[in-house]
Amino acid sequence: MGALKEAHGGALKELYLDERAAAEAKRRSKELRSWDLTERQICDLELLLNGAFSPLDGFLGRADYEAVRDQMRLASGILWPIPITLDVTREFAKDLRAGEEIVLRDREGVALAIMTVADVWEPDKRLEAVAVFGCDDDAHPGVRYLMRHAGSVYVGGRLQGLEAPTHYDFRHLRDSPAELRARFRKLGWRRVIAFQTRNPMHRAHQELTFRAAQMAEANLLIHPVVGMTKPGDVDHYTRVRCYERLLPHYPEQTTTLSLLPLAMRMAGPREAVWHGIIRKNYGCTHLIVGRDHAGPGRRSDGTPFYGEYEAQELFRKHEDEIGVSMVPFHALVYAQDRAQYVQQDEIQPGETVLDISGTELRRRLREGLDIPDWFSFPDVIEELRRTHPPRHRQGFTVFFTGLSGSGKSTIANALLVKLMELGGRSVTLLDGDLVRKNLSSELGFSREHRDLNILRIGYVASEITKAGGIAICAPIAPYAATRQKVRDMIEPVGGFLEVHVATPLEVCEGRDRKGLYAKARAGILKEFTGISDPYEAPETPELRIDTTKLPPDMAAQQIVLKLEALGFIR
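The paragraphs below set out a description of the structure included in this document. Keep in mind that this is a model prediction, so the values were computed, not measured.

Concerning the overall build of the protein chain
Within the protein chain one finds 20 helices and 19 strands. Here the C-alpha radius of gyration of the protein chain, 26 Å, is about what a compact globule of 570 residues would show, namely 25 Å. Counting only C-alpha atoms, the protein chain reaches 80 × 70 × 40 Å along its principal axes. Per-residue burial over the protein chain gives 53% buried out of 570 residues.

Describing the layout of surface pockets
Approximately 960 Å³ is the volume attributed to the second largest pocket. Looking at the second largest pocket, it is lined by 38 residues, and the ones nearest its centre are S404, G405, D433, I476 and K514. For the lining of the second largest pocket, the elements supplying multiple residues, two or more each, are α14 (408–422), α15 (432–438), α16 (447–466), α18 (505–511) and α19 (516–521). The element contributing the most residues to the lining of the second largest pocket is α14, with four residues. When grouped by side-chain class, the residues that make up the lining of the second largest pocket number 17 nonpolar, ten polar and eleven charged.

Notes on the sheet that holds strand β18 (residues 495–501)
Ordered in space as β16-β17-β15-β18-β19, the five strands form an open sheet in which the pairing is parallel. Across the chains shown, the open sheet's two edge strands, defined by having one partner strand only, are β16 (427–431) and β19 (543–545). Recorded for the sheet is a direction-independent mean angle of 15 degrees between the axes of neighbouring strands. Relative to β19, β18 runs parallel, the two sharing three bridges. In the strand pairing of β19, V499 is matched with L543. On the sheet, helix α17 (residues 480–490) packs against β15 (396–401) and β18 and is oriented at approximately 155 degrees with respect to β18.

Observations concerning the nonpolar core
Of all hydrophobic cores here, the largest spans 73 residues; its most connected members are F53, L104 and L159. Those residues within four positions of L159 in sequence are excluded, and the remaining contacts are L15, L45, L48, L49, D57, G58, F59, L104, A113, I114 and M115. One finds V240, W374, I381 and L384 within the second-largest nonpolar core, a separate group that totals 35 residues.

Side note on the packing of aromatic side chains
The description of two aromatic rings rests on the distance between their centres and on the angle between their planes. Under the defined criterion, the tally for this structure stands at 15 aromatic pairs. Judged by centre distance (5.9 Å) and plane angle (20 degrees), the rings of F184 and W189 are stacked. For the pair Y334 and W374, a centre-to-centre distance of 5.1 Å together with 15 degrees between the ring planes defines the contact as stacked. Of the two residues, Y334 is situated in strand β12 (residues 332–335) and W374 in the loop between α12 (358–367) and α13 (378–387); the sequence distance between them amounts to 40 residues. A relative accessible area of 13% means that Y334 is categorised as buried. In textbook terms, an aromatic cluster arises when at least three aromatic residues are bridged by ring pairs, as seen for Y334, Y341, W374 and F375. Seen from the ring of F92, R33 lies directly overhead, with NZ or CZ sitting 5.4 Å from the centre.

Brief notes about the pairing of β18
The element β18 is largely enclosed, with a buried count of seven among its seven residues. With burial as the criterion, each face of β18 is covered, one bearing G495, L497, V499 and V501 and the other bearing F496, E498 and H500. Of the strand pairs in this sheet, β15 and β18 are connected by six bridges, and their pairing is parallel. Within β18, the position partnered with F399 by the bridge is E498.

With respect to empty space enclosed by the protein
One pass over the full model with this rule turns up two cavities of 30 Å³ or more. Its volume calculated, the largest cavity comes out at about 80 Å³. Lining the largest cavity are R40, I82, P83, T85, E128, V132, F133, G142, L146 and R265. Mapped onto the lining of the largest cavity, the elements with two or more residues apiece are α5 (125–133) and α6 (141–149). With three residues, the top contributor of residues to the lining of the largest cavity is α5.

Things to note about the pattern of salt bridges
Using the criterion set out here, one finds 34 salt bridges in the structure. Its salt-bridge partner being E382, residue R245 comes within 3.8 Å of it at the nearest N-O pair. With R245 in helix α9 (residues 236–246) and E382 in helix α13, this residue pair connects regions lying 137 residues apart in the sequence. Its salt-bridge partner being E351, residue R338 comes within 2.8 Å of it at the nearest N-O pair. Of this pair, R338 sits in the loop between β12 and β13 (340–343) while E351 is found in the loop between β13 and β14 (353–354), placing the two residues 13 residues apart along the sequence.

A word on the sheet that holds strand β9 (residues 255–257)
Pairing in this open sheet of five strands is parallel, and the strands run β9-β8-β7-β10-β11 from one edge to the other. The open sheet has two edge strands, β9 and β11 (325–328), and neither has a second partner. For this sheet, the mean angle separating the axes of adjacent strands, direction not counted, is 30 degrees.

Parameters and conventions
Residues numbered from 1 in each chain as written. Predicted model: local features only at pLDDT ≥ 70, side-chain atom pairs only at ≥ 80, totals over all residues. Heavy atoms only, no water. Helix = DSSP H or I, 4+ residues; strand = E, 2+ residues; numbered from the N terminus. Rg over C-alpha atoms; globule rule 2.2 N^0.38 Å. Buried < 20%, exposed > 50% of the residue type's maximum accessible area, 1.4 Å probe, protein only. 1 Å grid on protein atoms, 1.4 Å probe; cavity = no way out; pocket = protein on both sides within 12 Å on 5 of 7 lines; lining within 4 Å. Points joined across faces, edges and corners; volume = space filled by probe spheres on them. Nonpolar A, V, L, I, M, F, W, Y, C, P; charged D, E, K, R; others polar. Pairing = 2+ DSSP bridges. Axes fitted to C-alpha atoms, helices over the stretch in contact; angles between N-to-C directions. Contact = heavy atoms within 4.5 Å. Core = buried A, V, L, I, M, F, W, Y, C linked by side-chain atoms within 4.5 Å. Phe/Tyr/Trp six-rings, centres within 6.5 Å; stacked < 30°, edge-to-face > 60°. Lys NZ or Arg CZ within 6 Å of the ring centre and 35° of its normal. Salt bridge = Lys/Arg side-chain N within 4 Å of Asp/Glu carboxyl O.

So this is what it looks like as structure tokens:
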């Protein structure tokens, strides 16, 4: 297959207005209703405006959305596997009308695009989850985002681009489809094989991509995702530095690096097809499709979300229509006796095979253990160690949850003293009552306000953790979904230990130092946790403590021992 001249569905689309029209539209945008884009929506908007999502000319309207959801095609019949939708709140959507213009802004208020509303509707999210992700299991990050974070209403319509989202990082590596195509033409590259990745690359990946490029007789584009990936993935700053360290290990003038600001959905087979379409729009002729490509791991019951080769099978079915040739991923293992990487199916009986899984690599980084040269290049490991120090040098959060009077604050204070005594990190206590007084004094006790209070605590704790400190949080935190949001905020930047202080209600009520339970029983205090408002006990906390059986000092010591076992303190 020669160099691609057309984009998916026809000519490459760029939705930006020219300079004069954009200036006029910006003046007009001041009079329009605004929507502040989420992180994922900014990723989608950028790829809509620069043509990476050709042939789309905006966020999907209802007919296209339903056709994509049910048939993996736009209403026109063109192949498109992933719904690209603008999700908003019911409050924002309630007065929207077809034909109305709205301005889409980034988080700093910069007007990026004007959208002409075509459709406003409330989707069946569960139906979408099952159709697109193959399940409605909350363990799937795409499902969890759809059900917990995405807005309730979708708005579809055409876009007029005013300016591109601003990126201050790695600007020399951020190419639009037109720019990357131009680079390929300048280099004289007619056959280009893309490697999709959201992880650091090691020796096996380098060997795999080098062999794939040789097999396809193509030049190699390392095209990592630097938008939203899977929670817990290595941050893109670290990954890009690793990719730059890796480039000199390829033959000169055979390989280039460019960044893709894509918000992944982790949709497995459908996502593989989507990745192929996007790479066609960037000018690639081939794509390496891995085993369990864009798969998020395992379901709640421990079974895989997708079959190992399901993505390859679906891609192969639509390969001609995509217009990009698939190069299937061949698993490579290190044969110790040969001192080289070979395909797994070429290993002879009795040969010694060495391997380090992703889990094992993270353990070695976490514990500061040796990582052998046969697995990765020393300069790549050096970059990973810079931003992923051993656990005993990372920040972490201890997050208490439990009924009023359960003993959270008492244990938290005891833990504070013990950790201060150990030294080595700054320690901050975010007590529920003190946070209410100093950070959330304007909030009441409705579910919405309780959630906001807990999310504020989580945000402060995440910043403390990110900076390498220790945050001790001791709110009631009655709702499981909100506690999960806090965990999701903190785990990407450090450790998170949830401690359920599981003191029974009757014991908490018997203590009632502040007389709160008595007021709640009398109806004076409304929406009181455990009496007139539910408490959702954690199902799998890192630690569960009942203060009827354990005094505060021993409870705090139990937490210290748990932190030692997890490697956060020595």
